[in-house]
Amino acid sequence: MMLCCGESLIDMIPSDTADGRSCFVPHPGGAVFNTAIALGRLGVDAGMLTGLSTDLFGVQLRRALEDSHVDTRFAVSTERPTTLAFVALQDGQASYSFFDENSALRMLSNEEIPALDPEIDCLFFGGISLASEPCADTFASLLEREGKTRLAMLDPNIRQSFIADEGRFRGRMKRMMELSDIVKVSDEDLDWLVPRPLTIRDQLQSILELGPSLVVATMGSAGAIALSSAGVDVEAPAVHAEVVDTVGAGDTFNAGFLAGLFRQDKLSRAGVGELTDAELESALGLGSAAAAVTVSRAGANPPWDRDLM
């Protein structure tokens with residue numbers, strides 16, 4: 001099982017009422033939640049470790065996970081409120097305002113984390129759950145404790161407005177990258193983590209030298225690039241799509257990429273370490289194809305397997 005560890009929240013998406021007034025419509029979301037949903041829809045055995053409120057939004061989130069075949073038994077149920085992310089869209093690009101104080105996600109503690117079953121062989125971390133304390137330290141501790149015996153993938157998915165202490169955040173990211181087998185970044189994440197004027201390959205190499213076996217960067221319409229510690233260097237083009245918005249695009253890419261590894265029986269430490277150019281290109285291609293479907297729809301609505309036939 002791939003256990004997705006991080007945020008589940010409600011994206012409040014702008015819309016218009018029948019009489020033309022502006023409103024916000026609640027959509028289940030969150031970077032790690034979106035990846036879990038997409039994995040479930042692509043046929044990968046996936047679970048979600050998060051804080052799930054018992055409020056009406058938490059019920060909506062749990063139902064959405066279960067409807068997409070995501071195991072919720074590792075989610076921590078709490079009466080604390082659900083995190084809300086109000087979304088602003090400009091030319092299809094999303095920006096966010098978060099309401100997260102004392103939320104089910106943010107206050108998740110080490111003591112609340114359930115024991116992980118042996119069937120969980122892969123862990124995925126990312127999103128605002130790695131910037132928002134105290135839960136950021138909870139997830140970092142989980143990777144430190146459980147990542148030694150399981151494949152781990154990290155997507156920093158950096159939201160600068162969410163970082164209260166840049167020094168602490170950079171230190172946490174560095175340690176988590178050192179402990180991860182796969183690190184995936186957007187080109188914007190990469191420029192923040194490893195400032196230019198380095199080339200993108202030099203930026204990725206600097207992350208690879210921290211310890212991961214594989215680093216992947218998505219570059220929007222320019223496609224994706226991946227470098228491995230074994231010397232594999234692959235680029236894959238983006239899949240054309242008519243963009244409605246970009247909400248959940250990177251999260252869906254993550255799921256498609258992981259599903260691509262899974263379908264080739266490479267979703268393991270040994271498998272990632274021995275990837276060929278063709279195998280890595282295939283996984284990148286599935287990630288790009290899945291993301292293309294998501295950007296063609298409003299909000300984070302990842303494809304089912306049948307949508308990619």
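Per chain, the residues get numbers from 1 upward, laid out in the order the sequence is written. Only residues with pLDDT of at least 70 are given local features in this predicted model, and only at 80 or more are side-chain atom pairs given and counted; all residues enter the totals for whole chains, interfaces and linings. Where side-chain values are given, they derive from all heavy atoms of the structure, hydrogens and water being excluded.

A. Quick peek at the overall build of the protein chain. Looking only at helices and strands, the protein chain features 9 helices and 15 strands. In this treatment the radius of gyration is a C-alpha quantity, and the globule benchmark scales as 2.2 Å times the residue count to the 0.38 power. Taking 309 residues into account, the globule formula puts the C-alpha radius of gyration at 19 Å, and the protein chain, at 18 Å, falls close to it. Its C-alpha atoms give the protein chain principal-axis dimensions of roughly 55 × 45 × 40 Å. Put simply, the protein chain has 309 residues, and 56% of those count as buried. Restricting the contact set of the protein chain to residue pairs at least 6 apart, pairs at least 24 apart contribute 70%. Calculation of accessible area relied on Shrake-Rupley with a 1.4 Å probe; when residues are assessed, cover is drawn exclusively from the protein chains displayed. In the structure as shown, the protein chain presents an accessible area of about 12700 Å², 50% of it carried by carbon and sulfur atoms. The way it works is that DSSP assigns letters per residue, a run of H or I at least four long becomes a helix, a run of E at least two long becomes a strand, and they are numbered from the N terminus. Only protein chains enter the accessibility calculation, which uses a 1.4 Å probe; a residue is then buried when its area is under 20% of its type maximum, exposed when over 50%, and partly exposed in between. Contacts are residue-level and defined by heavy atoms, with any inter-residue pair within 4.5 Å sufficient.

B. Looking closely at the sheet that holds strand S10 (residues 122–126). Whether two strands pair comes down to DSSP finding at least two bridges between them. Taken in spatial order, the 9 strands line up as S6-S4-S1-S10-S11-S12-S13-S14-S15 in an open sheet, and their pairing is mixed. The outermost strands of the open sheet, each flanked by one partner alone, are strand S6 (70–71) and strand S15 (233–236). Sheet topology places strand S1 (residues 2–5) next to S10; 4 bridges connect them, and they run parallel. Considered in S10, the bridge of Cys5 is made with Phe125. Lines fitted to C-alpha atoms define the axes here, with helix axes fitted over just the stretch in contact, and angles between the N-to-C directions of these axes take values from 0 to 180 degrees. Relative to strand S14 (residues 224–228), helix H6 (residues 200–208) is tilted by about 40°, and along the sheet it contacts strand S12 (182–186), strand S13 (214–218), S14 and S15.

C. Inspection of the nonpolar core at higher detail. Judged by nonpolar contacts, the single largest core of 54 residues is most densely connected at Leu49, Phe125, Phe139 and Leu204. In this view, Leu49 contacts Leu3, Cys4, Cys5, Gly6, Phe74, Leu108, Ile113, Pro114, Leu116, Phe139 and Leu142; residues no more than four positions away in its chain are not counted. Among the nonpolar cores identified, the runner-up in size contains 48 residues, and Leu42, Ile182, Leu214 and Phe253 belong to it. By nonpolar core we mean a set of buried residues, namely Ala, Val, Leu, Ile, Met, Phe, Trp, Tyr and Cys, connected to one another through side-chain atoms within 4.5 Å.

D. Highlighting the environment of Cys5. Inspection of the secondary structure assignment puts Cys5 in strand S1. Along the backbone, Cys5 and Leu284 are 279 residues apart, and their C-alpha atoms lie at a distance of 22 Å. For Cys5, the contacting residues outside a window of four places in its chain are Val32, Leu49, Leu123, Phe124, Phe125, Gly126, Ser129, Phe139 and Leu142.

E. Main features of helix H2 (residues 56–67). With 12 residues, H2 ought to run about 16 Å at 1.5 Å a step, and its terminal C-alpha atoms sit 16 Å apart, in line with that. Residues of H2 that are buried include every one of Phe57, Gly58, Leu61, Ala64 and Leu65, and no others. Buried residues in H2, looked at end-on, bunch into an arc of 125°, giving them a common side. For H2, the exposed residues set more than 90 degrees away from the buried face come down to Leu56 and Asp67. Nitrogen and oxygen atoms within 3.5 Å of one another constitute a polar contact, given that in protein one can donate a hydrogen and the other can accept it, and given that sequence-neighbouring residues count only through two side-chain atoms. Sitting at the head of H2, Asp55 places a side-chain oxygen 3.1 Å from the backbone nitrogen of Phe57. Positioned one or two residues after H2, His69 has a phi angle of 65°, which is positive. To estimate how far a helix should reach, multiply one less than its number of residues by 1.5 Å. The directions from the helix axis to the C-beta atoms are what the arc is built from.

F. Region of interest: the pattern of salt bridges. Throughout this description, the term salt bridge denotes a Lys or Arg side-chain nitrogen within 4 Å of a carboxyl oxygen of Asp or Glu. Counted under the stated rule, the structure contains 25 salt bridges. The partner of Asp191 in a salt bridge is Arg196, with the nearest N and O atoms 3.1 Å apart. For Asp191, a relative accessible area of 31% gives the class partly exposed. Exposure remark for Arg196: the relative accessible area of 48% places this residue in the partly exposed category. The shortest N-O distance in the salt bridge between Arg297 and Asp307 comes to 3.2 Å. A residue pair is termed long-range when its members are at least 10 positions apart, and Arg297 in the segment after helix H9 (277–295) and Asp307 in the segment after H9 qualify at 10 residues. A residue is classified by how much of its surface remains accessible, and Arg297, at 22% relative accessible area, is partly exposed. Sharing partners across several salt bridges, the network here consists of Asp71, Arg73, Asp117 and Glu119.

G. Structural detail: the pairing of S12. Among the 5 residues of S12, 5 are classified as buried, and the element is accordingly described as predominantly covered. The parallel pair strand S11 (residues 151–155) and S12, bridged by helix H4 (residues 166–179), forms a crossover whose chirality is right-handed. Inspection of the sheet shows S12 paired to S13 by 5 bridges, in the parallel sense. By the bridge assignment, Val183 is partnered in S13 with Val215. By definition, the crossover connecting two strands over a helix is right-handed if that path, from the first strand to the second, turns clockwise as seen with the strands pointing away from the viewer.

H. Expanded view of the packing of helix H7 (residues 249–263) against H9. In contact at an axis separation of 7 Å, H7 and H9 are set at 145° when each is read in the N-to-C sense. Once H7 is placed against H9, the crossing between them reads as right-handed. Facing H7, whose interface residues are Ala249, Thr252, Phe253, Gly256, Phe257, Ala259, Gly260, Leu261 and Arg263, H9 presents Leu280, Ala283, Leu284, Leu286, Gly287, Ser288, Ala290, Ala291, Thr294 and Val295. Here the contact of H7 with H9 is composed, by residue class, of 12 nonpolar, 6 polar and 1 charged. For any helix crossing, the convention is left-handed if the near helix is rotated counterclockwise from the far helix by under a right angle, and right-handed if that rotation is clockwise. Residue polarity is assigned by list, with Asp, Glu, Lys and Arg as charged and Ala, Val, Leu, Ile, Met, Phe, Trp, Tyr, Cys and Pro as nonpolar; anything else, Gly included, falls into the polar class.

Any functional reading would require information that these geometric values do not contain.
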